[in-house]
Amino acid sequence: MKIADGNLFWTNINPVTDKYTYLSENLNTEVLIMGGGITGALCAYYLTEAHIPAIVLEKNICGYSATSASTSILQYEVDY
């Protein structure tokens, strides 16, 4: 399912900084998070801050599906 389409503002001004390889081994974890959008990223952040092992699985580039079409995308710039 394609959730976002067209010329999206956030993906045009922010290049893809990190690309990860495909999962190629078996892993063990306490929590498996399906999806690397804003919700999955925040869940992973708070779980790891609480020292709970978590793995995020994303079929695309993290933050580049529905999150890239909203203002929820994680920014590394300082807002002025």
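Re the overall build of the protein
Along its length, the protein carries two helices and two strands. From first element to last, N terminus to C terminus, the protein shows the α and β order α-β-α-β. Within the protein, residue pairs in contact and separated by at least 24 positions form 57% of the contacts whose partners lie at least 6 positions apart. For the protein, the accessible surface area stands at approximately 6700 Å², while carbon and sulfur atoms represent 56% of it.

As for the packing of aromatic side chains
The tally for this structure, following the rule as stated, stands at one aromatic pair. Their ring planes at 80 degrees and their centres at 5.0 Å tell us that Tyr-45 and Tyr-46 sit as a pair that is edge-to-face. Residue classification places Tyr-45 among the partly exposed residues on the basis of a relative accessible area of 45%. Since its relative accessible area comes to 55%, Tyr-46 is described here as exposed.

As for the confidence of the model for the protein
Taken residue by residue, the protein gives an average pLDDT of 76. The fraction at 70 or more is 56%. Within the protein, the lowest mean pLDDT, 64, falls on helix H1 (residues 9-13), and the highest, 95, falls on strand S1 (residues 31-34).

Structural notes on the environment of Pro-53
On the secondary structure map, Pro-53 appears in the loop between helix H2 (38-49) and strand S2 (54-57). Each C-alpha atom of the pair Pro-53 and Val-31 lies 6.4 Å from the other, and the pair is 22 residues apart in sequence. The contacts of Pro-53, once residues within four sequence positions are left out, are Thr-29, Glu-30 and Val-31.

Overview of the pairing of S1
Side chains on a regular strand alternate between the two faces of the sheet. Direction of pairing for S1 relative to S2: parallel, over a ladder of four bridges. Its bridge partner being in S2, Val-31 is matched across the sheet by Ala-54. At this point the chain moves from S1, through H2, to the parallel S2, and the crossover so formed is right-handed.

About the thresholds
Residues numbered from 1 in each chain as written. Predicted model: local features only at pLDDT ≥ 70, side-chain atom pairs only at ≥ 80, totals over all residues. Heavy atoms only, no water. Helix = DSSP H or I, 4+ residues; strand = E, 2+ residues; numbered from the N terminus. Contact = heavy atoms within 4.5 Å. Areas by Shrake-Rupley, 256 points an atom, 1.4 Å probe, with all protein chains shown as cover. Phe/Tyr/Trp six-rings, centres within 6.5 Å; stacked < 30°, edge-to-face > 60°. Buried < 20%, exposed > 50% of the residue type's maximum accessible area, 1.4 Å probe, protein only. pLDDT = per-residue confidence, 0-100. Pairing = 2+ DSSP bridges. Right-handed = clockwise from strand over helix to strand, strands pointing away.

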